[in-house]
Amino acid sequence: MSGSSRYEIDIIANNKAATALGKTDKQLKKIQTSSKKVNSSFKSMGIAAGAAAAAFAGFKLGKAFLDTAKQFEQLNIQLKYITGSAELGAQALKTVEEAAGRSAFSLEQMANAAPLLLTVSTIDQLSDSLDMTGDIAAATGLSFEEVAGQLQRAMSGGIAAADMFREKGVKSLLGFQEGVQYTAAETEKMIREAFANSTTTIAGASKEMALTWTGQVSMMGDAWLQFKKTTMESGLFPALKAELGNVQVFLDNNKEAIEEMAIALGEGLAKAVLKI
């Protein structure tokens, strides 16, 4: 092969190599650009997911505060009508909060049981009633509300009416004898004296349970519940209720227009479904 022909072949080969390398470089740049877009998309997705998670967490936290406010608002209404006045109802709630502070059982459990106990207890007796309810629950494994219900039945209908107390052996622990009939008044007197004089072995069980891990966790939960309650009662809950009232006024004032919109929406959706 002549020198000129070899030279021409080298030029052609170099040109083709340069062209191929140029195309490869362009492809690499495209891949790099695509990679950046993918990374950017993943970053955007991460930011969006983080924002969604934060919003969800915020929603759950806000709902927890609102649920606490609603719970205590309803409890206040119950206590008001059971005790006969808002002042006595507030006093009863304060008694519940103080009792929860020295018990293994939660403020929420005691608050739910208080209306039951107040049907067979005076305001002055409520503190003792909560304490002995906790003692029986701690010693038997019954829930706080179950014991409160059994005490209500026993003190209003006699110990024979408290079936769960008989099944769990509470009846004998409180000094009641089998085969003997006890009136409601006699039952209440015996139960209260058993705890006041510590003649029953289960007196003080709740205080001992308060020192356990479960008891300590319960008290931590009470602190969080009190924080939510105080936060909502310090102006936030009344403000939210006022805004809710404004929404209700708007809905009432625009009832016809809202109904027309609802009918139009329903008819439109129905037509769309029939065309599918």
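Residues numbered from 1 in each chain as written. Predicted model: local features only at pLDDT ≥ 70, side-chain atom pairs only at ≥ 80, totals over all residues. Heavy atoms only, no water.

### Structural notes on the pattern of salt bridges
Here comes step 1: Enumeration over the complete set of coordinates arrives at ten salt bridges.
Here comes step 2: Here Lys171 and Glu178 are joined by a salt bridge, their closest N and O atoms 3.7 Å apart.
Here comes step 3: Under the relative-accessibility criterion, Lys171 is labelled buried at 10%.
Here comes step 4: For Glu178, a relative accessible area of 61% translates into the label exposed.
Here comes step 5: Residue Lys189 is joined to Glu193 by a salt bridge in which the shortest nitrogen-to-oxygen separation is 2.8 Å. Placement of both Lys189 and Glu193 in helix α8 (residues 184–196) is noted, with a separation of four residues, approximately one turn of the helix. (Salt bridge = Lys/Arg side-chain N within 4 Å of Asp/Glu carboxyl O. Buried < 20%, exposed > 50% of the residue type's maximum accessible area, 1.4 Å probe, protein only. Helix = DSSP H or I, 4+ residues; strand = E, 2+ residues; numbered from the N terminus.)

### Focus: the layout of surface pockets
The rolling of a water-molecule-sized probe over the atoms marks out the regions of remaining empty space.
Here comes step 1: In this model, the largest pocket occupies a volume close to 300 Å³.
Here comes step 2: If you trace the largest pocket, you find 18 residues lining it, with Asp128, Asp131, Met132, Asp135 and Phe195 closest to the centre.
Here comes step 3: Where the lining of the largest pocket is concerned, the elements lending two or more residues are α4 (123–140), α8 and α9 (205–209).
Here comes step 4: Element by element, the count of residues in the lining of the largest pocket is highest for α4, at seven residues.
Here comes step 5: Grouping the constituent residues of the lining of the largest pocket by class yields seven nonpolar, five polar and six charged. (1 Å grid on protein atoms, 1.4 Å probe; cavity = no way out; pocket = protein on both sides within 12 Å on 5 of 7 lines; lining within 4 Å. Points joined across faces, edges and corners; volume = space filled by probe spheres on them. Nonpolar A, V, L, I, M, F, W, Y, C, P; charged D, E, K, R; others polar.)

### A few points about α4
Here comes step 1: When the terminal C-alpha atoms of α4 are compared, their 26 Å separation across 18 residues agrees well with the 26 Å that a helix rising 1.5 Å per residue should span.
Here comes step 2: When α4 is considered as a whole, its buried residues turn out to be Ile123, Leu126, Ser129, Leu130, Met132, Thr133, Gly134, Asp135, Ile136, Ala137 and Thr140.
Here comes step 3: Just beyond α4, the residue with positive phi is Gly141, at close to 90°. (Expected span 1.5 Å × (residues − 1).)

### Details of the packing of aromatic side chains
Here comes step 1: Tallied over the entire structure, the rule returns five aromatic pairs.
Here comes step 2: Pairing Phe65 with Trp224 gives two aromatic rings, centres 5.5 Å apart and planes at 90°, and the pair type is edge-to-face. Taken together, the residues span a long stretch of sequence, with Phe65 in helix α1 (residues 3–83) and Trp224 in helix α10 (residues 213–253) at a distance of 159 residues.
Here comes step 3: With a relative accessible area of 12%, Phe65 lands in the buried category. (Phe/Tyr/Trp six-rings, centres within 6.5 Å; stacked < 30°, edge-to-face > 60°.)

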